[in-house]
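Remarks on the overall topology
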Amino acid sequence: MSAFAQTEVKITGLFDVGYRSTSVGNANEKTQKVITNNNAGTSQVDFVITEDLGAGLKAIAYGEADFHSVKPSLGNASTTNNGYWYTGAFFNSEIYVGLTSATAGTLKLGAPNSEFLLGNAKIQPFGTALGGGYSNTFGRMGTNAGVGISGYVGFAETARVVRNERTVKYDSPVFNGAQVVLEWSPGNSLGTGTTSTSVTTGTSYASNNNAWSATTLNYGNGPLNLTYSTGQISAGANQSSGFYAPGSTSTASGLAANKLTANGSVTYTMYGGNYAVNSALTAYAGFTTTKSSNTTSGGTDVEDSKSSNVALKYVVGQTDFLFNRIQRQSNLATDTVGTPNGASSLTGLGVNYNLSKNTMVYGRYEKASNVVAIPGSATATAANTSYGAQTITAAGLMVKS
């Protein structure tokens, strides 16, 4: 639809609902069977605004609202809505305003998706859903899920690069298939780093004061698509807030601290790509490294890990067959939160039957070794973490526009 003569407003979205069965080998709670969302994609509603300013220049704005497609309750997010925190903002995912031109590139201001997240879709065909390994459970971008990367108020702890608030992102024009992308979010060391003991006042951690910078080189020419990204999250002198923590009668609710130590940093790299062998077969490969500046034994942000994967997508008529195999290695001696140390692997299998361009029936199978394997546990901590094998099978329906 069109709001003005030169302005276009689009509303798009994706709905994913299906059955999921999770089984583990070494926990008291052996299986979990649920009707849930996001087996194959992220359920969301997207608002896209484009205004033609003339001379090839356009103003753009984007807002994404993610939601749980089988749990519409908003009032008790921490207990009844799978950990989704609703803090008053309708757009709780990617959001930005910007300017774009074919000759000058694209500038985005806000919380645009990082090139690490976009690069993940280039090195394997499962995205962030089951089979991809780009998740808290497997921790491909790090075995420590609490370092605060891309963490913003309202976002859970995560061992992956997604996006960061207060970001400036610039995508250069594409020259002979090559492109440079820059991301920058300034740091803020003004936080007191202290915690209130009152439930009503919550905490006084400075909001989102970690700095983020990243550089990406992309190349796409015919059947070949390549990407290389390097980025660093760094803390100031005072600890910043990482996510919203549930409160009780004895503990303060509100902001919890992230795990980056004062003046500490974590550096990430991701590189790889895909190649269309023919119209039916596409091959993928990818590599990641994650390393922190802090080497103190037992430190909350100590990290030294790497991963690699190979993947395939094969199309037969209306059916897509997907395969992904990831190996992850951590050099840490200890880990108190998140995913475990040592060697780990994940195998993902998928099948999509495309009823149309926008609707598909899917099946997913994911088996991971040496991961946090506790179905239904809201948070993996030193007290409740159990490491072992985990198998997930799922089937469902996705509709998008």
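Residues numbered from 1 in each chain as written. Predicted model: local features only at pLDDT ≥ 70, side-chain atom pairs only at ≥ 80, totals over all residues. Heavy atoms only, no water.

1. A short note on the overall build of the chain
- Secondary structure assignment for the chain yields two helices and 20 strands.
- Buried positions account for 47% of the 401 residues belonging to the chain.
- Of all intrachain contacts in the chain linking residues separated by at least 6 positions in sequence, the fraction that spans at least 24 positions is 61%.
- Carbon and sulfur atoms provide 59% of the accessible area of the chain, an area that totals close to 18,000 Å². (Helix = DSSP H or I, 4+ residues; strand = E, 2+ residues; numbered from the N terminus. Buried < 20%, exposed > 50% of the residue type's maximum accessible area, 1.4 Å probe, protein only. Contact = heavy atoms within 4.5 Å. Areas by Shrake-Rupley, 256 points an atom, 1.4 Å probe, with all protein chains shown as cover.)

2. Some points on the pattern of salt bridges
- Under the counting rule described, the total for this entry stands at two salt bridges.
- The partner of Glu8 in a salt bridge is Lys10, and the shortest N-O contact between them spans 3.9 Å.
- Here Glu115 makes a salt bridge to Lys169, at a shortest N to O gap of 2.9 Å. Residue Glu115 is found in helix α2 (residues 115–123), and its partner Lys169 is found in strand β8 (residues 167–171); the two are separated by 54 residues along the sequence. With respect to class, Glu115 is no different from Lys169; both count as buried. (Salt bridge = Lys/Arg side-chain N within 4 Å of Asp/Glu carboxyl O.)

3. Quick word on the environment of Arg20
- Within the secondary structure, Arg20 sits in strand β2 (residues 7–24).
- Looking at Arg20, the relative accessible area reads 19%, which means it is buried.
- Measuring from C-alpha to C-alpha, the distance between Arg20 and Ile392 comes to 6.9 Å, with 372 residues separating the pair along the chain.
- Leave out the neighbours within four places in its chain, and Arg20 touches Gln32, Lys33, Val34, Thr36, Asn37, Asn38, Asn39, Leu130, Ile392, Thr393 and Ala394.
- In this structure the side chain of Arg20 is engaged in a polar contact, spanning 2.7 Å, whose partner is the side chain of Asn39. (Polar contact = N/O pair within 3.5 Å; in protein donor to acceptor, adjacent residues only side chain to side chain.)

4. Points about the nonpolar core
- Core analysis: the largest hydrophobic core is formed by 15 residues, its most contacted members being Phe116, Tyr134, Met141, Val161, Trp212 and Tyr268.
- Among the elements of the structure, α2, β10 (211–221) and β14 (265–276) are those that each provide at least two residues to this core.
- Tyr134 has contacts with Phe116, Leu117, Asn120, Gly127, Thr128, Met141, Arg160, Val161 and Met270, leaving out every residue within four places of it along the chain. (Core = buried A, V, L, I, M, F, W, Y, C linked by side-chain atoms within 4.5 Å.)

5. Quick look at the pairing of strand β16 (residues 304–316)
- With 11 bridges connecting them, strand β15 (residues 281–292) and β16 associate as antiparallel partners. The partner of Lys291 across the bridge, within β16, is Asp304.
- Alignment of β16 against strand β17 (residues 319–330), held across 12 bridges, turns out to be antiparallel. Across the sheet, Val315 pairs through a bridge with Asp320, a residue of β17.
- From the end of β16 to the start of β17, which pair antiparallel, there are two residues, and Gly317 there has a positive phi angle of about 60°. (Pairing = 2+ DSSP bridges.)

6. Considering the packing of aromatic side chains
- Inspection of every chain in the model, using the stated rule, returns six aromatic pairs.
- Ring centres 5.6 Å apart and planes at 15° place the aromatic pair Tyr62 and Tyr96 in the stacked group. Placement of the pair is Tyr62 in strand β5 (residues 57–66) and Tyr96 in strand β6 (residues 95–101), with a sequence separation of 34 residues.
- The exposure class assigned to Tyr96 is buried, which follows from its relative accessible area of 12%. (Phe/Tyr/Trp six-rings, centres within 6.5 Å; stacked < 30°, edge-to-face > 60°.)

7. Some details on a nonpolar patch on the surface
- On the surface, Val97, Leu107, Leu109, Val168, Tyr170, Val180, Leu182, Trp184, Leu217, Tyr228, Tyr271 and Phe287 cluster together into a nonpolar patch covering about 1,000 Å² of accessible area.
- Within the residue set of the nonpolar patch, elements represented by two or more residues are β7 (105–111), β8 and β9 (178–185).
- It is β9 that provides the largest number of residues to the nonpolar patch, a total of three residues.
- With respect to the element layout, Val168 can be found in strand β8.
- Residue classification places Val168 among the partly exposed residues on the basis of a relative accessible area of 31%. (Patch = residues over 30% accessible without salt bridge, like charges linked within 9 Å, V, L, I, M, F, W, Y side chains within 5 Å.)

8. Some words on the confidence of the model for the chain
- Within the chain, residue pLDDT values average 80, and 71% of them lie at 70 or more.
- Note that pLDDT drops below 50 for residues 334–339; the model gives that stretch 30 contacts with residues more than four away or on any other chain. (pLDDT = per-residue confidence, 0-100.)

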